[in-house]
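Observations on chain architecture
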Amino acid sequence: MVADGVGVLALQGAFGRHVEALRRCGADAHEVRTQDQLLTCRALVVPGGESTTMIKLLRAFDLVEPLGKLLADGMPTFGTCAGMILLARSVSDGQPDQLSFGTVDIDVRRNGYGRQIDSFEADLDIAAIGPPALRAAFIRAPVVERAGSDVDVLATHEDIPVLCRQGPVLVSSFHPELSDDDRLHRYFLDDVVG
Ligand code: GLN
């Protein structure tokens, strides 16, 4: 099997807009719900949504182990919001059985910015993609409470990291797929996947 596609984990959440953004950037993007589909990926997006539901579905679809192996093997991955939670080293305010893969050395607090009603947008200056500022939507977003020394903080909002990279893994606490600004998807494809 040739692993040349860019997968978007499509168990739950905001996967459709990620597929569209990646395709606009020229990638061969497809939805991933099975182990076979996972094995066709050379890179993966783990979207926003609800991490606790995604974890239940990962378990139900027998994807925890194969996904954990691909992540441990260094698959380029972009986790947004709930996806950031799934890739974090540790998670506060999670469910008792909240699983996270520990792919990025950050500690996050689920819903740390408040409830749905506290959702907000912010303009982020991101040197990695250059000006102008990126308009970012934060929806029941996780707060990054600690970022390890191996983590590059690519953007902050009010001094809190909101976009981080550790080697082949990029994570954002906001939803980059909700705007028509594809620069972060392009950065992921060009600089992280390479
Ligand atoms: N609060 C959600 C969770 O815990 C994440 C929200 C989002 O992805 N927009 O999974």
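Structure first, text after, so check above.
Residues numbered from 1 in each chain as written. Predicted model: local features only at pLDDT ≥ 70, side-chain atom pairs only at ≥ 80, totals over all residues. Heavy atoms only, no water.

1. Some remarks on the packing of aromatic side chains
Filter applied, for reference: Stacked, edge-to-face and tilted are the three classes for Phe, Tyr and Trp ring pairs, Trp counted by its six-membered ring, which pair at centre distances within 6.5 Å; planes under 30 degrees apart are stacked, over 60 edge-to-face, the rest tilted. Under the DSSP-based scheme used, a helix requires at least four consecutive residues in state H or I and a strand at least two consecutive residues in state E, with every element numbered from the N terminus.
Scanning the entire structure with this criterion turns up five aromatic pairs. Arranged with centres 4.6 Å apart and planes meeting at 5°, the rings of F120 and F138 form a pair that is stacked. Taken together, the residues span a long stretch of sequence, with F120 in strand β7 (residues 120-124) and F138 in strand β8 (residues 134-138) at a distance of 18 residues. Considering the side-chain rings of F138 and F174, the 5.6 Å spacing of their centres and the 55° angle between planes classify their relative orientation as tilted. Here the residue F138 occupies a position in strand β8, and F174 occupies one in the loop between β12 (169-172) and α6 (183-193), the gap between them amounting to 36 residues.

2. Details of the site of the ligand
The condition that has to hold: Residues are labelled near a given molecule or strand when at least one of their non-hydrogen atoms is within 4 Å of it. Nitrogen and oxygen atoms within 3.5 Å of one another constitute a polar contact, given that in protein one can donate a hydrogen and the other can accept it, and given that sequence-neighbouring residues count only through two side-chain atoms. All accessible-area figures derive from a Shrake-Rupley calculation using a 1.4 Å probe, and residue coverage is judged against the displayed protein chains alone. Only protein atoms enter the 1 Å grid used here. Points where a 1.4 Å probe fits but cannot escape make up a cavity, open sets with protein on both sides within 12 Å along at least five of seven lines make up a pocket, and a residue lines them when an atom lies within 4 Å of a point. A pocket or cavity is taken to hold a molecule when more than half of that molecule's atoms are within 2 Å of the pocket's grid points. Here the term charged refers only to Asp, Glu, Lys and Arg, the term nonpolar to Ala, Val, Leu, Ile, Met, Phe, Trp, Tyr, Cys and Pro, and the term polar to all other amino acids, Gly among them.
Taken together, G48, G49, E50, S51, C81, A82, I85, R110, N111, I139, R140 and H175 form the complete shell of residues around the ligand. One of the backbone N or O atoms of A82 is found 3.0 Å from an oxygen atom in the ligand. In this structure, R140 approaches the ligand through a main-chain N or O atom, which is 2.9 Å from a nitrogen atom. Burial of the ligand by the protein chains amounts to 98% of its free accessible area of 300 Å². Spatially, the ligand is embedded in the largest cavity. Looking at the shell around the ligand residue by residue, the class counts come to four nonpolar, five polar and three charged.

3. A closer look at empty space enclosed by the protein
The criterion, for reference: Grid points are joined across faces, edges and corners, and a volume is the space filled by probe spheres set on the points.
By the definition in use, this model includes one cavity of 30 Å³ or more. What the largest cavity holds in volume is close to 70 Å³. Taken together, G49, E50, S51, C81, A82, I85, R110, N111, I139, R140 and P142 make up the lining of the largest cavity. Classifying every residue of the lining of the largest cavity gives five nonpolar, three polar and three charged.

4. What to know about the pattern of salt bridges
Threshold: In the sections that follow, a salt bridge refers to a side-chain nitrogen of Lys or Arg positioned within 4 Å of a carboxyl oxygen of Asp or Glu.
Scanning the entire structure with this criterion turns up 14 salt bridges. R89 is paired through a salt bridge with D105; the nearest N and O atoms lie 3.4 Å apart. In this pair, R89 is assigned in strand β5 (residues 88-92) and D105 in strand β6 (residues 104-109), connecting sequence segments 16 residues apart. Note that D93 and R109 form a salt bridge whose closest N and O atoms lie 3.1 Å from each other. Taken as a pair, D93 in the loop between β5 and β6 and R109 in strand β6 lie far apart in primary sequence, 16 residues in all.

5. What about the side chain of Q98?
Put simply, the rule is: Whether two residues are in contact is decided by their heavy atoms, any of which lying within 4.5 Å being enough.
Along the chain, the position of Q98 falls in the loop between β5 and β6. A distance of 3.0 Å separates the side chain of Q98 from the side chain of S51, its partner in a polar contact. With near-sequence residues (within four places) excluded, Q98 lies in contact with S51, T52, I55, I85, V91 and R110.

6. Describing the sheet that holds strand β9 (residues 143-147)
For the record, the criterion: At least two DSSP bridges between two strands are needed for those strands to be called paired. Inter-axis angles, ranging from 0 to 180 degrees, are taken between N-to-C directions of lines fitted to C-alpha atoms, where helices are fitted over the stretch in contact.
Overall, mixed pairing links the three strands, which are arranged β5-β6-β9 in an open sheet. If you trace the sheet from one side to the other, it starts and ends with β5 and β9, each paired once. Taken pair by pair, the neighbouring strands of this sheet meet at an average axis angle of 25°, ignoring direction. When β5 meets β6, the two strands line up parallel, connected through four bridges.

7. Remarks on the side chain of R110
You can see R110 is positioned in the loop between β6 and β7. A polar contact of 3.5 Å, which involves the side chain of R110, links it to the side chain of S51. Those residues in contact with R110, other than ones at most four positions away along the chain, are E50, S51, T52, I85, V91, S92, D93, G94, Q95 and Q98.

8. Brief notes about the nonpolar core
The condition is simple: Throughout this description, the term nonpolar core refers to a set of buried Ala, Val, Leu, Ile, Met, Phe, Trp, Tyr and Cys residues connected via side-chain atoms within 4.5 Å. A simple rule labels every residue: compare its accessible area, found with a 1.4 Å probe on the protein chains alone, to the largest value its type can have, and call it buried under 20%, exposed over 50%, or partly exposed in between.
Core analysis: the biggest nonpolar cluster contains 34 residues, and L22, L124, F138, F174, L184 and F188 have the highest contact counts within it. Looking at this core, the elements that each hand over two or more residues are β1 (5-9), α1 (15-24), β3 (41-46), β7, β8, β11 (160-166) and α6. Top element by residues in this core is α6. It accounts for six residues. Excluding anything up to four places from it in sequence, L184 contacts F78, I129, L134, L163, F174 and P176. Counting 30 residues, the second-largest nonpolar core is a separate cluster that includes L70, M75, A88 and V171.

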